[in-house]
Amino acid sequence: MYICICRAIREREVDAAVRAGARRPADVFRACGKSPQCGSCACDMRQRIADTISQEQAGPQMLMAAD
Ligand code: FES
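Calculation notes
Residues numbered from 1 in each chain as written. Predicted model: local features only at pLDDT ≥ 70, side-chain atom pairs only at ≥ 80, totals over all residues. Helix = DSSP H or I, 4+ residues; strand = E, 2+ residues; numbered from the N terminus. Buried ≥ 20, exposed ≤ 12 C-beta atoms within 10 Å, placed from the backbone. Contact = placed C-beta atoms within 7 Å. Core = buried A, V, L, I, M, F, W, Y, C linked by C-beta atoms within 7 Å. Arc of directions from axis to C-beta.

(A) Structural context of the overall build of the protein chain. Scanning the protein chain for helices and strands turns up 3 helices and 2 strands. Listed N to C, the secondary structure of the protein chain is β-β-α-α-α in terms of helices and strands. The 67 residues of the protein chain split such that 21% are buried. For the protein chain, the proportion of contacts with a sequence separation of at least 24, taken over those separated by at least 6, is 45%.

Right, here's the structure in full:
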């Protein structure tokens, strides 16, 4: 699914950018080699960034809980 329609940035590209260190929409655009156009995707992109960071942080804890 697309997060940014103007620049055709998909959720998986946002996730990859977050795993590479992106923490703001501007970081995601930079990681994708694109620049924002209308900006209407900013809220959805921020939410996706937060969700991906939460999942990354929860991952190791879930593994430790299983030990
Ligand atoms: S939808 Fe992302 S810049 Fe327009």
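(B) Spatial organisation of the nonpolar core. Ranked by size, the top nonpolar core spans 12 residues in total: I3, C4, I9, V14, A17, V18, A22, V28, F29, C41, M45 and I49. Where this core is concerned, the elements lending two or more residues are β1 (2-4), α1 (11-19), α2 (25-31) and α3 (42-66). Residue contacts for V28: discarding those within four places in its chain leaves I9, V14, A17, A22, M45 and I49.

(C) Examining the environment of A50 more closely. Here A50 shows up in helix α3. With 26 residues separating them along the chain, A50 and R24 place their C-alpha atoms 9.3 Å apart.

(D) How the structure looks around unusual backbone geometry. Positioned with a positive phi, A8 is a non-glycine residue whose angle comes to about 55 degrees. Examined against the element boundaries, A8 turns out to sit in the loop between β1 and β2 (9-10). Residue classification places A8 among the exposed positions, given that 11 C-beta atoms sit within 10 Å.

(E) Representation of the environment of S40. Relative to the helices and strands, S40 resides in the loop between α2 and α3. Looking at S40, the number of C-beta atoms within 10 Å reads 12, which means it is exposed. A sequence separation of 34 residues divides S40 from C6, and the C-alpha atoms of the two residues are 9.2 Å apart.

(F) Quick peek at α1. Residues V14, A17 and V18 constitute the buried set of α1. Down the axis of α1, the buried side of the element spans an arc of 100 degrees, and every buried residue falls inside it. Residues of α1 that are exposed and point more than 90 degrees away from the buried face comprise R12 and R19. Of the residues trailing α1, G21 is marked for its positive phi of about 115 degrees.

By themselves, these figures tell us nothing about what the structure is for.
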